[in-house]
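Results of the structural survey
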Amino acid sequence: TTFNNVTYDDANCCFPIGGSVTTTFSKGPHVGKTETLTFGGSGCGEANLTETDGSKVAFTLQHCI
């Protein structure tokens, strides 16, 4: 997993507001494939996941860590 320019900037939001996290699978049915979670959008916690097949899913993160 690689973090790419993940940034936090909003004092009112505990989620990243920019950047991405990319995971390359080394085991299982997705060996060699990647998925990327990209942060940002118009609201706190918005993100987009690009799955291993290239499809994209938009969602809102629910829990700060």
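Bear in mind the structure is a predicted one, so any value in this text is a computation, not a measurement.

A tally of helices and strands in the chain yields zero helices and five strands. The helix and strand sequence of the chain, counted from the amino end, reads β-β-β-β-β. Its C-alpha atoms give the chain principal-axis dimensions of about 40 × 20 × 20 Å. Going through the 65 residues of the chain one by one, you find that 22% of them count as buried.

Below, the discussion takes up the sheet that holds strand 5 (residues 56-60). With antiparallel pairing, the five strands of this open sheet are ordered in space as 1-2-3-4-5. Each of the sheet's edge strands pairs with one partner strand only, and the pair in question is strand 1 (2-7) and strand 5. Direction aside, neighbouring strands of the sheet carry axes that sit 15° apart on average. As defined by bridge partners, strand 2 (residues 18-24) adjoins strand 3 (residues 34-39) across five bridges and the pair is classed as antiparallel. Paired with T22 across the two strands is T36, which belongs to strand 3.

So, on to the side chain of S20. Relative to the assigned elements, S20 resides in strand 2. The contact partners of S20, leaving out residues within four places of it in the chain, are T2, F3, N4, V6, T36, L37, T38 and F39.

Mapping E46 onto the fold places it in strand 4 (residues 46-50). Residues E46 and F15, 31 residues apart in the sequence, show an inter-C-alpha distance of 8.5 Å.

Our next topic: the nonpolar core. Listed in full, the five residues of the largest apolar core are V21, L37, F39, A47 and L49. Elements with a contribution of two residues or more to this core: strand 3 and strand 4.

Moving on, we come to the state of the cysteines. The tally for this structure, following the rule as stated, stands at two disulfides. A sulfur-sulfur separation of 2.0 Å characterises the disulfide bridge that pairs C13 with C44. One disulfide, between C13 and C44, carries an S-S torsion of 85° and so falls in the right-handed class. Of the two residues, C13 is situated in the loop between strand 1 and strand 2 and C44 in the loop between strand 3 and strand 4; the sequence distance between them amounts to 31 residues. Linked covalently through their sulfurs, C14 and C64 form a disulfide whose S-S length is 1.2 Å. With C14 in the loop between strand 1 and strand 2 and C64 in the segment after strand 5, this pair connects stretches of sequence that are 50 residues apart. Residue classification places C14 among the partly exposed residues on the basis of a relative accessible area of 41%.

What counts as what
Residues numbered from 1 in each chain as written. Predicted model: local features only at pLDDT ≥ 70, side-chain atom pairs only at ≥ 80, totals over all residues. Heavy atoms only, no water. Helix = DSSP H or I, 4+ residues; strand = E, 2+ residues; numbered from the N terminus. Buried < 20%, exposed > 50% of the residue type's maximum accessible area, 1.4 Å probe, protein only. Pairing = 2+ DSSP bridges. Axes fitted to C-alpha atoms, helices over the stretch in contact; angles between N-to-C directions. Contact = heavy atoms within 4.5 Å. Core = buried A, V, L, I, M, F, W, Y, C linked by side-chain atoms within 4.5 Å. Disulfide = S-S within 2.5 Å.

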